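Working through the structure, step by step
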Amino acid sequence: MLSTGATDLAELLTATGAGDRQAFARLYSLAGPKLFGIVLRICRQRQMAEDVLQESFVKIWRFAASYRPEASPPLTWMAAVARNTAIDGMRRKTEVLFAVDEEGRSEAENIADPATLQPTDALDMRALHRCLDSLDVEQRSVVTLAYVDGYSREELADRFERPVGTIKTWLHRGLAKLKDCLGG
Amino acid sequence: MADERDILAGEYVLGTLSAAEREGVERLRAADAALDRAIVAWEKRLHPLTAAVHPVAPPARVWAAIDAATAPHQAASAIRAPRRPVTDATVALRKRVTFWRLSTFGTGLALAASLAAVVTVGPWFQPKATTQYVAVVNAGGELPALIVNVDTRAGQVSVRSVAAAAPSGKSLELWYIGAGQRPRSMGTMGSTGSVIRASTAGFGGFAPAEVVFAVTEEPPGGSPTGQPTGPVVYSGKLIPVPE
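Residues numbered from 1 in each chain as written. Chains lettered and ligands numbered in written order. Predicted model: local features only at pLDDT ≥ 70, side-chain atom pairs only at ≥ 80, totals over all residues. Heavy atoms only, no water.

What about the overall build of chain A?
Secondary structure summary: chain A contains 8 helices and 0 strands in total. Starting at the N terminus, the α and β elements of chain A follow one another as α-α-α-α-α-α-α-α. Counting across all 184 residues of chain A, residues that qualify as buried make up 52%. Long-range pairs, those at least 24 residues apart, make up 68% of the contacts in chain A with a sequence separation of at least 6. Here chain A has roughly 8200 Å² of accessible surface; of this, 52% comes from carbon and sulfur atoms. (Helix = DSSP H or I, 4+ residues; strand = E, 2+ residues; numbered from the N terminus. Buried < 20%, exposed > 50% of the residue type's maximum accessible area, 1.4 Å probe, protein only. Contact = heavy atoms within 4.5 Å. Areas by Shrake-Rupley, 256 points an atom, 1.4 Å probe, with all protein chains shown as cover.)

Now the structure itself:
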């Protein structure tokens, strides 16, 4: 497994923006599996996830020229493209596969794969997890279920057996606390 | 006002806005630099949560499709490469297949509630030892039409119709569609409550996560060609049942 220093990804993304097809192919081999994992969690269904991954990399190819390394780390930028595409797809569906509870998933299982981290990630992870811990348990749950598993407000309302208004309150308060804690 | 914009940006990045709200944000951020900055800031704040997600190797065909869609000589619009070589009938069925779902706003159906235990067993991707599978075959949130039960240990499939009703002058035919395979007929449904029993012996390389059951309207007695000829009226996927 090749290591992916952020410099590599940023360079590859910039080269992709200049039309370098080899750089684009290498970018896909390095970041594709990570993005696919992210998208699979949100889409829950393989066929859609594959379509979303495809669409995401087509967008990455098209918009790579607009990527600015100083604005955002490369994987953050690419993951945002993928997540937006995935969530757009999920929110547009009129019928959604009911979110399956992932039993037995504990924090200990969520071990990062070192090969796909950006160098800043370790510090950022610690800071975020510390700040997440300062949230109320429901606020923390809705934030992580939404971000990682793509839960909609309605699915959260169903899962927690609360009205959508309550879910929105939890989300807003959770976000505000996080921003405060992270010093945004 | 700044707080509202920031919360909007936060919910956008979380993914909890509706489709209409998302569209609004996407338009707005092009004109509102502060909103755009707020969104990017949230992306950076929340990105470490993706560390918990394991990478998964995508199938080779995805890259092939990306390569084809972005090759310099291609037109601007994305081109969809076919996923696998399939017959026209299968492609038509797969386009109209919708996946099994419970009403997301409450499980008023007693049947749905009794299947809730099936729903909440995860993960979605197959655990190794499951031998029992269920498909609830329906059309768009109405009462399930068929319940398909597959027992791979016993090698048996049973299909019970609950609310399936054939229009007059037509039969309903049930098809088993394995990944990349032509649909296989499991017989025609009679009136409500009838049961088809079949063996899994003919299924060959049973990959439950990729199996779709579909019901089409056919002439009386079923399709004359051995492949679906009529429209899909019901469809559903297999779910593992906990043992």
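After that view of the structure, there is still more to cover.
Notes on the overall build of chain B
From N to C terminus, chain B includes 7 helices and 8 strands. Scored against the burial criterion, the 243 residues of chain B give a buried share of 44%. Residue pairs at least 24 apart in sequence account for 59% of intrachain contacts in chain B once pairs closer than 6 positions are excluded.

Describing helix α7 (residues 153–160) of chain A
Of all the positions in α7(A), only A:Arg153, A:Glu155, A:Leu156, A:Ala157 and A:Phe160 are classed as buried. Once α7(A) finishes, A:Glu161 follows within two positions and takes phi at roughly 55°, a positive value.

Thoughts on the confidence of the model for chain A
Mean pLDDT over chain A stands at 85; residues scoring 70 or higher make up 81%. In the predicted structure, residues 98–115 of chain A sits below a pLDDT of 50 and forms 38 contacts with residues beyond four places in sequence or in another chain. (pLDDT = per-residue confidence, 0-100.)

A closer look at the state of the cysteines
A covalent bond bridging the sulfur atoms of two cysteines is what the word disulfide describes. Residues and elements named next belong to chain A. The full count for this structure, using the stated rule, is 1 disulfide over all chains. Bridging Cys-131 to Cys-181, the disulfide has an S-S length of 1.9 Å. Between Cys-131 and Cys-181 the sulfur-sulfur dihedral comes to about -75°; the bridge is accordingly left-handed. Separated by 50 residues along the polypeptide, Cys-131 in helix α5 (residues 121–133) and Cys-181 in helix α8 (residues 164–182) bring together distant segments of the chain. Exposure remark for Cys-181: the relative accessible area of 30% places this residue in the partly exposed category. (Disulfide = S-S within 2.5 Å.)

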